[in-house]
Amino acid sequence: MSISFKDKVAIVTGAGGGLGRAYALELGRRGAKVVVNDLGGARDGTGSSDAAAEVVEEIEKAGGEAMANGASVTEYDQMEKMVADAKQKWGGVHVLINNAGVLRDKSFAKMEPADFDFVVDVHLGGSANATKACWDLFREQAYGRVLMTASSTGLFGNFGQANYGAAKLGLAGLTKTLQLEGAKYNIKVNTLSPVAGTRMTEDLFPKEAFDLFAPENVVPAALYLVSEDAPSNAIVGAGAGGFHSAWVVMNDAVWLPEGERTVEGFAENWEKISQFDHLKAPQSGAEQSGAILTAMQKVTGSGPDSARG
């Protein structure tokens, strides 16, 4: 099986280096026409460079087609223009990889509100802007593939990254709603949690680990998740050649009769409520309500349906 992106147009944000560059180059090799979006800033979002143009040059030298774009993901009108320019040049947009990001790490006690807001704005707001700019076109085409970039920090936490973690888990939540809204239009939305040695992480890895976690080792997961036969609503971790799935799960609900619905009643049942078994991964938020009704029926032998008689 060979996975091709021939006749597809792909936008990769933050593609001037690191993971984004690796995605863009492989998309180009596999036939996609690639919009290489990058401000060229440092990892804290400051400064600028011609990084996007350099990646375009690499793609073109390898025989592919690409265009550079220096728009900021935090500016929705710039994202709209980026999509319009791609459509005008190549007829459409089929793939969006939301990869642009910044870091401003500090413990929460020392973090300025402006640094919290900026990181959330770039990662979460920026991904929403880019996706919204593509959304109507995806619906019209009855085809779209979107990849959100989450993080182990968002899924599991990491000291000193409250801003980053909040944004990254928010992206997993954004995925879960968009994959529902996009399903009937053949829009598939997934979440990737990469571990890679890039300028964002170069001071976090020792040299040997930095080399092992090369961005190229994340590319197989990223490109499969935006391919024609991709799943939807997946959360996938990738790094150093290792790949895994993650889920948002819940256990069976514990239903408390009316007389036990007190703080003390909850405390007495906490061991059962927090039990890590009978786990399931809901596919929509409605399943939480359903689980509660199921638990009630088990205890009382009745529920909304039987109550209506």
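Here is a short report on the structure shown in this document. Just so it is clear, the structure is predicted and the values come from calculations on it, not from any experiment. The residue numbers shown here count from 1 along each chain, following its written sequence. Since the coordinates come from a predicted model, pLDDT governs what is reported: local features require at least 70, and pairs of side-chain atoms require 80 or more to be given and counted, while whole-chain, interface and lining totals use all residues. Side-chain metrics in this entry use all non-hydrogen atoms of the structure; hydrogen atoms and water are not considered.

**As for helix α11 (residues 286-300)**
Under the 1.5 Å per step criterion, the end-to-end length of α11 is 21 Å for 15 residues, consistent within 8% with the ideal 21 Å. In the segment just after α11, G301 is the residue with positive phi, at about 75 degrees. Strands are runs of DSSP state E lasting at least 2 residues, helices are runs of H or I lasting at least 4, and numbering of each runs from the N terminus. A helix is expected to span 1.5 Å multiplied by its residue count minus one.

**So, the pattern of salt bridges**
What makes a salt bridge here is a side-chain nitrogen of Lys or Arg within 4 Å of a carboxyl oxygen of Asp or Glu, nothing more. In the structure shown here, the tally under the stated rule is 9 salt bridges. E228 serves as the salt-bridge partner of K8, at 3.8 Å between the closest nitrogen and oxygen. In this pair, K8 sits in the segment before β1 (9-13) while E228 sits in the loop between α8 (219-224) and β7 (235-239), placing the two residues 220 residues apart along the sequence. Relative accessible area decides the class of each residue, using a 1.4 Å probe on protein chains only: under 20% of the type maximum gives buried, over 50% gives exposed, and in between gives partly exposed. We classify E228 as partly exposed; its relative accessible area is 49%. For K81, the salt bridge is made with D85, and the minimal N-O distance between the two is 2.9 Å. Taken together, the residues K81 and D85, both in helix α3 (residues 76-90) and 4 residues apart, mark about one turn of the helix. For D85, a relative accessible area of 24% gives the class partly exposed.

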